[in-house]
Amino acid sequence: MELPRTLPSRWQRIGPVLTVTGREPRKSAPNTAIPLAFLAAVATKAPLAPSRGALRRALRGRRRSCVVRFAEEWAEPAARTGFLAFPESFVFGVATSAYQIEGAAAEGRGPSIWDTFSTAGHAKDGATGEVACDHYHLFKEDIRLMSSLKVKAYRFSISWSRLLPNGDAAEPPSEEGLRFYSELLDALLQAGIEPWVTLYHWDLPEALHAKGGWLSKEMIVKAFGDYARICFHHFGDRVKYWITLNEPWCSAVLGYNTGDHAPGYTEETDTACYVAGHHLLLAHAEAAQIYREEFAQQGGEVGISLNADWRQADSEREEDLEAARRAMEFSLGWFAEPIYLGDYPKCMRESCGDRLPSFSASEKKKLFQSSDFFGLNSYSGNMAKAPPRPFEGTGYWEDIGVEWWHTDHQWARTDMDWPVVPWSLREILLYVQDRYKPMGGIIVTENGCACEPDISAELDERPGALLPRPWDGVRRATSSDFEDPERVRFFRAHLSAVHAAIERKAQVKGYFAWSFLDNFEWAEGYGKRFGIVRVDFQTQERTIKSSGHFLARVFEANGLEAPAKEEQYPGRTF
């Protein structure tokens, strides 16, 4: 029996004290009554948290009434106070990607679009992924660190051009690349860590980009299918969870519209991102079909990781409610709806017309239900508001027709200037569950923040601090005394949001913290640190942060204490 979220008028909690009787309350009573039998049934249920001792004493003494004191209030978005336990089968892990941490660019790996983009000076401070965290040489040490942090699952990506330097399967895969990933997988399994492998995390081989990249349908879909087949063949005996694409929205919009990410394509801004997004979806479907038809005996699952931040209507006005719907459909729905509902959102088709490509009947069939789980990357939230007048022109941002960055200025901000809105994670998980009802449930494949203390910025101001050097071969003891309290607060609030979504029947099956290591943060270079382990890029020394120790306790206990009211983030809640 669950306590209703809205109590009937004759039951009311006022402050931390509730007078409980077996009778109807007197009109003059400051606290109204709940029958003891009812309270006994719900004493341990959310959202109230009465003192069990007071309740037991009342029942043992056969009293008709007692005063129950409630536990201290909790911070949004937790569902209640106390320990928030996750299901026994819940998957806790950490995540990274190949280009952001591997390094060793000259050791058998062909160039990718991010090599070209970053070496051309498009990343802050001239940063590149040439060295990064040198995980290629330090992966065994990194896995030992994961083990010490009680990590149960590790999501990482394979570098397409490390396996196939020219991108296609015309030549055999690199033996050096096969050996690296094989040894990485073996080391993970030996440590009791389940690998979750992403096939594409933005680092398209440059040789394929030269042939048209994500704008060339036949070439790119076939090339991705061939690459996926090689990965399934060589690693599928040890990998049971595959993710085809990471954040195709970013690949399409940031890569083929704004130009903020590789390949930095800014021509045909009214169509290119839609074409690239279309081909990304078809590539996902191709890889999923190959796995199901050729490798089903491996017994694994194939999913996709989509990114979106929740957009809450700025008001109850119908125009703002519609703006919020459009914002979600033009971001998450663009890639989710062809997979879960059969085609692009109606509002996209109406706004874009022929600029949005169409799927053939066979392509729709191939795409539909092509993901065994719904991977969701979500970091923040914002408000959506209808503009005072329609936007002029055509293009992705004009097509949405929404004030996209409307925000509450009281919300806290991360080092990326992203609003900290933990209740938005609860809302987007509930939205995904309600709208798409994904088979296999939802996996939060990325969530985290760049929230470093002042000392971190001071250390990064040292000459050369953000210019990575290869590991020098010297084994260093891992230190573990770096405090990052704001990241701890962030993780506590957002894990509470995940728990709250589960309590409201969202089928969330896992959570991966971004990121295991401080790393190459794309166009931001190395100054924005998301890691639960600090990396000294000059020496490649690792230092476990307090957020890493916090997550280790969560992983080991399979839950966490709800945030107290004093940890409440400021600003508007919903």
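Since the model is a prediction, treat every value here as computed from it, not as a measurement. (Residues numbered from 1 in each chain as written. Predicted model: local features only at pLDDT ≥ 70, side-chain atom pairs only at ≥ 80, totals over all residues. Heavy atoms only, no water.)

A short note on the nonpolar core
Right, so step 1: Counting 162 residues, the largest nonpolar core has Trp-160, Trp-214, Trp-242, Leu-332 and Trp-334 as its most contacted members.
Right, so step 2: Looking at this core element by element, the count peaks at 13 residues for helix 11 (residues 272-294).
Right, so step 3: Filtering out sequence-adjacent residues up to four positions away, Trp-160 remains in contact with Gly-167, Tyr-200, Asp-203, Leu-204, Pro-205, Leu-208, Trp-214, Ile-220, Ala-223, Phe-224 and Tyr-227. (Core = buried A, V, L, I, M, F, W, Y, C linked by side-chain atoms within 4.5 Å. Buried < 20%, exposed > 50% of the residue type's maximum accessible area, 1.4 Å probe, protein only. Helix = DSSP H or I, 4+ residues; strand = E, 2+ residues; numbered from the N terminus. Contact = heavy atoms within 4.5 Å.)

Brief notes about the packing of aromatic side chains
Right, so step 1: Applying the stated criterion across every chain, the model contains 52 aromatic pairs.
Right, so step 2: On the numbers, 6.1 Å between centres and 90° between planes, the contact of Trp-160 with Tyr-200 is edge-to-face. Pair noted here: Trp-160 is in helix 6 (residues 160-163) and Tyr-200 is in strand 6 (residues 194-200), with a separation of 40 residues, a long-range link. For the pair Trp-160 and Tyr-200, a shared accessibility class is recorded, and that class is buried.
Right, so step 3: For the pair Tyr-396 and Trp-397, a centre-to-centre distance of 5.0 Å together with 80° between the ring planes defines the contact as edge-to-face.
Right, so step 4: A relative accessible area of 0% places Tyr-396 in the buried class.
Right, so step 5: With a relative accessible area of 28%, Trp-397 lands in the partly exposed category.
Right, so step 6: Three or more aromatic residues joined by ring pairs form one cluster here, namely Tyr-99, Trp-114, Phe-117, Trp-202, Phe-520, Trp-522, Tyr-526 and Phe-537.
Right, so step 7: Directly above the ring of Phe-180 sits Arg-162, whose terminal nitrogen or CZ lies 6.0 Å from the centroid. (Phe/Tyr/Trp six-rings, centres within 6.5 Å; stacked < 30°, edge-to-face > 60°. Lys NZ or Arg CZ within 6 Å of the ring centre and 35° of its normal.)

Description of the packing of helix 10 (residues 248-256) against helix 12 (residues 318-340)
Right, so step 1: Two numbers describe how helix 10 lies on helix 12: the axes approach to 10 Å, and their chain directions differ by 120°. Between helix 10 and helix 12, the angle falls in the class oblique. As helix 10 packs across helix 12, the resulting crossing turns out to be right-handed. For the pair formed by helix 10 and helix 12, the contact residues are Pro-248, Trp-249, Ala-252 and Val-253 on the first element and Phe-330, Ser-331, Trp-334 and Phe-335 on the second.
Right, so step 2: Per-class residue counts for the contact of helix 10 with helix 12 are seven nonpolar, one polar and no charged. (Axes fitted to C-alpha atoms, helices over the stretch in contact; angles between N-to-C directions. Parallel < 35°, antiparallel > 145°, perpendicular 65-115°, else oblique. Left-handed = near helix turned anticlockwise from the far one by under 90°. Nonpolar A, V, L, I, M, F, W, Y, C, P; charged D, E, K, R; others polar.)

Some details on the side chain of Ser-515
Right, so step 1: Note on placement: Ser-515 falls in the loop between strand 15 (508-514) and strand 16 (533-536).
Right, so step 2: A residue is classified by how much of its surface remains accessible, and Ser-515, at 0% relative accessible area, is buried.
Right, so step 3: At 3.2 Å, the side chain of Ser-515 and the backbone oxygen of Leu-517 are in polar contact.
Right, so step 4: If sequence neighbours within four positions are ignored, Ser-515 has contacts with Ala-95, Thr-96, Phe-530, Gly-531 and Ile-532. (Polar contact = N/O pair within 3.5 Å; in protein donor to acceptor, adjacent residues only side chain to side chain.)

Brief notes about the sheet that holds strand 8 (residues 301-307)
Right, so step 1: In space, the eight strands of this closed barrel follow the order 4-5-6-7-8-10-13-15, with parallel pairing throughout. Going from strand to strand, the sheet's axes swing by 25° on average, the running direction of each strand aside.
Right, so step 2: For strand 6 and strand 7 (residues 241-246), the ladder comprises four bridges, and the chain directions are parallel. For Tyr-200, the partnering residue across the bridge sits in strand 7 and is Leu-245.
Right, so step 3: Contacts from helix 10 reach strand 6, strand 7 and strand 8, with the element oriented near 45° to strand 8. (Pairing = 2+ DSSP bridges.)

Some points on the sheet that holds strand 12 (residues 403-406)
Right, so step 1: Taken in spatial order, the three strands of this open sheet run 9-11-12, and their pairing is mixed. Since the sheet does not close on itself, it has two edges, and those belong to strand 9 (310-313) and strand 12, each with one partner. Each adjacent strand pair in this sheet contributes to an overall mean axis angle of 45°, direction not counted.
Right, so step 2: The pairing of strand 11 (residues 381-385) with strand 12 spans two bridges and is antiparallel. Each residue of the ladder has a partner; that of Met-383, found in strand 12, is His-406.
Right, so step 3: Helix 12 contacts strand 9, strand 11 and strand 12 of the sheet and is inclined by roughly 170° relative to strand 9.

Quick look at the pattern of salt bridges
Right, so step 1: This model, assessed by the stated rule, comprises 39 salt bridges.
Right, so step 2: Between Glu-446 and Arg-155 there is a salt bridge whose closest N-O contact spans 3.1 Å. Taken together, the residues span a long stretch of sequence, with Glu-446 in strand 13 (residues 442-447) and Arg-155 in strand 5 (residues 153-157) at a distance of 291 residues. Take Glu-446 and Arg-155: they sit in the same class, and that class is buried.
Right, so step 3: Salt bridges sharing common partners tie together Glu-452, Asp-460, Asp-484, Arg-487, Asp-518, Arg-529, Arg-534 and Lys-545. (Salt bridge = Lys/Arg side-chain N within 4 Å of Asp/Glu carboxyl O.)

A closer look at the side chain of Glu-521
Right, so step 1: Locating Glu-521 in the fold gives a position in the loop between strand 15 and strand 16.
Right, so step 2: Buried charge without a partner: Glu-521 forms no salt bridge, and the closest opposite charge is Arg-487, 9.8 Å away.
Right, so step 3: Residue contacts for Glu-521: discarding those within four places in its chain leaves Gln-100, Trp-514, Lys-528 and Phe-530. (Lys, Arg positive; Asp, Glu negative; His and termini not counted.)

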